[in-house]
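Below, each chain spelled out in residue letters.
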Amino acid sequence: MSIGSETKQNERDVASVTAAGNEMSASFLAAKERSDKTLAKLEQNPEKFTMLTGDRPTGRLHLGHYFGSVKERVAMQERGVNTNIIIADYQVITDRDTTNNIQDNVINLLLDYLAAGINPKKTMIFTHSAVAAANQLMLPFLSLVTEAELHRNPTVKSEMESSGHALTGLLLTYPVHQACDILFCKANVVPIGKDNLPHVEITRTIARRFNDRYAKKNPVFPQPAAILSQAPEIPGLDGRKMSKSYGNSIMLGATAEETAKLIKKSPTDSERMITFDPAARPQVSALLTTAGLVTGREPAEIASEIGNAGAGTLKAYVIESVNNFLAEHRERRAELARDTDTIRDILHDGNKRANEIAEQTLEEVREAMGMVY
């Protein structure tokens, strides 16, 4: 390639990246506007909205989960929204080779949901694998998307780039599986962080294409709106993203002693003066952010108060603050854990209700497609 042609190719590459960035920015702005309008309507008439959200049972929930999603689920429930939580056990095997701890993980998710204020009389909690009719929606839904659209999904792309192994069919179709989760109960709102926006966008596409192709006169599915989370990004104790795999997370079900030990071991830096500076001092700032979230105070205010007392005083403050914040949750959780039969009954009841809804939706799909014989 000549220098001139190489320069032109570079210019085209830059233009392509810029165009892609502009397209993503425009898409996000449109989603943000839709989110704001939907939230305003929800505040006025919560009973008209159905929410679907959930977690993969790959481990215990931590403070990041609580402030990032669980707290908002409880708020939606108490507003009067029809709330549904899926424990996505099938999705564990999109990128993992074992289900060894899945039973324990499912029960522990339930315990944390209930201890945090999720009320099974108001919120349907169910498992992926138990709702066959919802999973059967995968077949018609897969016919509504192209392979290229699936490959463009950020979750699929990142896994392809980072995993170093062959992409499984389940991971490739992961966005469609999520569309089944959302649409089987006809959810019209999905609370998410902006990173998960593409999943809701492809769900909207599938709903629209199904209605256009099979149900123009009597649409079967709503086009759900993403409710973009206002929660701040919560760093782990080492300044990186809070993650179970990093070992930098404060688990909701940890004991006070376990929490204290973890915080004491968290890294800081050599400066004695405590200041809040996430860019220059990510580890110290992560501790301050954690303290701020659980106390409702500004991290900079806490830093100013501790001042020259050093990292030891900061850690002692974080330990006390976190343990005070989690005390009631731990007490409720321990009480619930003493009656595992009731916990399993709650899950069985949620699965039964989810199956009834999914079978009704699947019947509507088959009728729309002319497949009732």
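Note that the coordinates shown come from a computational prediction; the quantities given were computed from them, not determined experimentally.

Enquirer: What is the right way to read the side chain of arginine 204 from this model?
Expert: Take arginine 204: it is sitting in helix α10 (residues 197-214). No salt bridge forms around the buried arginine 204; measuring N to O, its nearest opposite-charge neighbour glutamate 201 is 4.3 Å away. Setting aside residues no more than four positions away along its own chain, arginine 204 makes contact with Arg34, Gln223, Pro224 and Ala225.

Enquirer: Got a minute to help me understand the state of the cysteines in this structure?
Expert: In a disulfide, the sulfur atoms of two cysteines are held together by a covalent bond. Evaluation of the coordinates by the stated rule reveals zero disulfides. In this structure cysteine 185 is a free cysteine whose sulfur lies 11 Å from that of cysteine 180, the closest cysteine sulfur available. Note on cysteine 185: relative accessible area 10%, which makes it buried.

Enquirer: How do you make sense of the packing of aromatic side chains when you look at a structure like this?
Expert: Any pair of aromatic rings gets described here by the distance separating the centres and the angle formed by the planes. Across all of its chains, the model carries seven aromatic pairs by this definition. Plain terms: the ring middles of tyrosine 66 and phenylalanine 67 are 5.1 Å apart, the flat faces sit at 85 degrees to each other, and that makes the pair edge-to-face. Seen from their ring centres, phenylalanine 67 and phenylalanine 325 are 5.5 Å apart, and the 25 degrees between their planes marks the pair as stacked. Of this pair, phenylalanine 67 sits in helix α2 (residues 63-79) while phenylalanine 325 is found in helix α14 (residues 310-337), placing the two residues 258 residues apart along the sequence.

Enquirer: What am I meant to see in the confidence of the model for the protein chain here?
Expert: Atom-level detail of predicted coordinates should not be read off regions where pLDDT is low. Summing up the model confidence of the protein chain, the mean pLDDT is 89 and the portion of residues at 70 or higher is 93%. Every residue in residues 1-21 is under pLDDT 50, and counting partners more than four places away or in other chains gives one contact.

Calculation criteria
Residues numbered from 1 in each chain as written. Predicted model: local features only at pLDDT ≥ 70, side-chain atom pairs only at ≥ 80, totals over all residues. Heavy atoms only, no water. Helix = DSSP H or I, 4+ residues; strand = E, 2+ residues; numbered from the N terminus. Buried < 20%, exposed > 50% of the residue type's maximum accessible area, 1.4 Å probe, protein only. Lys, Arg positive; Asp, Glu negative; His and termini not counted. Salt bridge = Lys/Arg side-chain N within 4 Å of Asp/Glu carboxyl O. Contact = heavy atoms within 4.5 Å. Disulfide = S-S within 2.5 Å. Phe/Tyr/Trp six-rings, centres within 6.5 Å; stacked < 30°, edge-to-face > 60°. pLDDT = per-residue confidence, 0-100.

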